[in-house]
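Inside the fold
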Amino acid sequence: MSRIDARFAALRAEGRKAFVAFVMAGDPDRDTSLAVIRGLPGAGVDLIELGMPFTDPMADGPAIQRAGQRALAGGQTMDRTLAMVRAFREDDQTTPIVLMGYYNPIHSRGVERFLQDARAAGVDGLIIVDLPPEEDAELCLPAQAAGLNFIRLATPTTDERRLPKVLTNTSGFVYYVSITGITGAAEADAAAVAPEVARIKAATDLPVCVGFGVKTPQGARAIAGIADGAVVGSAIVERIGAGESPDAVLAFVRSLAAAAHAAG
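Computed from a prediction, not measured in an experiment: that's the story for all the values here. (Residues numbered from 1 in each chain as written. Predicted model: local features only at pLDDT ≥ 70, side-chain atom pairs only at ≥ 80, totals over all residues. Heavy atoms only, no water.)

**Focus on helix α6 (residues 111–121)**
Of all the positions in α6, only Val111, Phe114, Leu115, Ala118 and Ala121 are classed as buried. Buried residues in α6, looked at end-on, bunch into an arc of 135°, giving them a common side. Facing away from the buried side of α6 by more than 90 degrees, the exposed set consists of Glu112 and Ala120. If you follow the buried residues of α6, they end up packed against α4 (78–89), β3 (97–101), α5 (103–109), β4 (125–128) and α7 (140–145). Where α6 ends, the next residue or the one after it, Gly122, has phi of about 110°, a positive value. (Buried < 20%, exposed > 50% of the residue type's maximum accessible area, 1.4 Å probe, protein only. Helix = DSSP H or I, 4+ residues; strand = E, 2+ residues; numbered from the N terminus. Arc of directions from axis to C-beta. Contact = heavy atoms within 4.5 Å.)

As structure tokens, this is what we get:
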């Protein structure tokens, strides 16, 4: 059982929903970023999505684009991102970490080397937004063979014909994108999302977490109430970008996590 599977099993046993936080590795610098990442579990985060900075993040809105640019300007590399995971694992062996980003930096490093290094660092899963199921042999299947979960995105445009393909070889959980468009572009509407989550859950036993457009504690609670978990990224990254201290950022995260955990 992977750390991701174990975490969702524990949450189910407790009758709680998951709270998932996204932050960009190295934003705005190594020390600040690592302080935030290390503080996330204590703030109530159940799973961490760690962004891999990339120069052409086509699915990301302005907040996360700027976070990636800050990280790259500060010298963040794949080596440094994996080093941050290793540093996190010095104190935490249970909180799942999922690397999220684009295929180009992985391809540049080499798939076999990347997977070996990621596994050794303590990475649990991957969300690679620009690799469709038709390209599973490229990374998805090797990742699973290496012991990493491969988490797929489903969207409002994933119809009944496409959904089975999207779910094939997916593991860990399904990430439902609540809006059509880029991250942080609009507020997620729980009433509109609920039928879509139910449709996906009817087709898979995997947990379904919802992100893209969850910005407030109220939104996190509403979304967690109709899914297995809520994901917040842009709203957290915006506070990092505004220069808030790690303690202030983590206080905001704590309010989001508490709201998600309070969902029935």
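**Structural notes on the packing of aromatic side chains**
Across all of its chains, the model carries 3 aromatic pairs by this definition. Between Phe8 and Phe173, the aromatic rings sit 5.7 Å apart at their centres with planes inclined by 50°, giving tilted as the arrangement. Of the two residues, Phe8 sits in helix α1 (residues 3–14) while Phe173 sits in the loop between α8 (163–167) and β7 (174–177), which places them 165 residues apart along the sequence. Accessibility classification places Phe8 together with Phe173 in one group, the buried group. (Phe/Tyr/Trp six-rings, centres within 6.5 Å; stacked < 30°, edge-to-face > 60°.)

**What to know about the layout of surface pockets**
Quantified by volume, the largest pocket comes out at close to 420 Å³. Lining the largest pocket are 23 residues, and of these Val129, Leu153, Thr155, Thr158 and Val177 sit closest to its centre. Residue assignment for the lining of the largest pocket shows that the elements contributing at least two residues are β4 and β6 (152–154). The class makeup of the residues in the lining of the largest pocket is 15 nonpolar, 5 polar and 3 charged. Those elements that provide at least two residues to the lining of the second largest pocket are α4 and α5. Looking at the lining of the second largest pocket, its residues break down into 6 nonpolar, 5 polar and no charged. (1 Å grid on protein atoms, 1.4 Å probe; cavity = no way out; pocket = protein on both sides within 12 Å on 5 of 7 lines; lining within 4 Å. Points joined across faces, edges and corners; volume = space filled by probe spheres on them. Nonpolar A, V, L, I, M, F, W, Y, C, P; charged D, E, K, R; others polar.)

**Remarks on the nonpolar core**
By size, the foremost hydrophobic cluster in this structure holds 69 residues, and its most contacted members are Leu126, Leu139 and Ile236. No other element matches the 7 residues that helix α12 (residues 246–261) contributes to this core. Contact partners of Ile236, with chain neighbours within four places excluded, come to Ala21, Phe22, Val23, Val249, Phe252, Val253 and Leu256. One finds Phe8, Val20, Leu47 and Met100 within the second-largest nonpolar core, a separate group that totals 23 residues. (Core = buried A, V, L, I, M, F, W, Y, C linked by side-chain atoms within 4.5 Å.)

**Some words on the pattern of salt bridges**
Pairs can form between side chains of opposite charge whenever their charged atoms are close. Taken as a whole, this structure holds 18 salt bridges when the rule is applied. Across the pair Arg16 and Asp46 runs a salt bridge whose closest N-O atoms are separated by 4.0 Å. On the criterion of sequence distance, the pair formed by Arg16 in the loop between α1 and β1 (18–24) and Asp46 in the loop between α2 (30–39) and β2 (47–51) is long-range, its members being 30 residues apart. Look at Asp46 and you get buried, because its relative accessible area is 4%. Notably, a salt bridge pairs Asp124 with Arg89, separated by 2.8 Å at the nearest N-O pair. Of this pair, Asp124 sits in the loop between α6 and β4 while Arg89 sits in helix α4, and the two are 35 residues apart along the sequence. (Salt bridge = Lys/Arg side-chain N within 4 Å of Asp/Glu carboxyl O.)

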